[in-house]
Amino acid sequence: GEKDNGHIIIKLINMDDKVKQVQINLNGITGLASEGTATILAGTKDAENSFKTPENVTTVTETVKGIAPSFTYDAKPDSVTILDLISK
């Protein structure tokens, strides 16, 4: 993860075909907001974009609730996730 200007950026990759629970520990970080955002790129291993289906694989942004100094995040199958958390 990286921290810049109060943003904590965590990059997760799940290469499995099922949801992975990831334990995230941010002990020692103060003023952590209880919500953050997740930008997720997910699809089956053989999914690809083409001229016929240019948006077969696209990113989705979701709100992540329950952010705490220690929390569990469910990473979607076959995905790359960027968590953007805020610390004041």
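Just so it is clear, the structure is predicted and the values come from calculations on it, not from any experiment. (Residues numbered from 1 in each chain as written. Predicted model: local features only at pLDDT ≥ 70, side-chain atom pairs only at ≥ 80, totals over all residues. Heavy atoms only, no water.)

Caption draft 1: Region of interest: the overall build of the chain. The helix and strand inventory of the chain stands at zero helices and seven strands. Reading the secondary structure of the chain in the N-to-C direction produces β-β-β-β-β-β-β. Structurally, the chain occupies a C-alpha span of about 45 × 25 × 20 Å along its principal axes. Within the chain, residue pairs in contact and separated by at least 24 positions form 76% of the contacts whose partners lie at least 6 positions apart. Each charge class in the chain can be summarised by its mean position, and for the 9 positive and 12 negative side chains these summaries are 4 Å apart. (Helix = DSSP H or I, 4+ residues; strand = E, 2+ residues; numbered from the N terminus. Contact = heavy atoms within 4.5 Å. Lys, Arg positive; Asp, Glu negative; His and termini not counted. Charge placed at Lys NZ, Arg CZ, Asp CG, Glu CD.)

Caption draft 2: Region of the structure containing the nonpolar core. Of all hydrophobic cores here, the largest spans 15 residues; its most connected members are Ile 10, Ile 24, Leu 26, Phe 71, Tyr 73, Leu 83 and Leu 85. For this core, the elements supplying multiple residues, two or more each, are strand E2 (7–14), strand E4 (35–42), strand E6 (70–75) and strand E7 (79–86). (Core = buried A, V, L, I, M, F, W, Y, C linked by side-chain atoms within 4.5 Å. Buried < 20%, exposed > 50% of the residue type's maximum accessible area, 1.4 Å probe, protein only.)

Caption draft 3: Geometry of the environment of Glu 62. On the secondary structure map, Glu 62 appears in strand E5 (residues 59–65). When its relative accessible area of 30% is taken as the criterion, Glu 62 is described as partly exposed. Sequence separation between Glu 62 and Ile 86 is 24 residues; the distance between their C-alpha atoms is 15 Å. For Glu 62, the residues in contact, after removing those within four places along its chain, are Gly 36, Thr 37, Ala 38, Ile 40 and Lys 76.

Caption draft 4: Summary view of the side chain of Thr 81. Its place among the elements puts Thr 81 in strand E7. The exposure class assigned to Thr 81 is buried, which follows from its relative accessible area of 0%. Among residues more than four places away in sequence, those in contact with Thr 81 are Ile 10, Lys 11, Leu 12, Ala 38, Thr 39, Ile 40 and Tyr 73.

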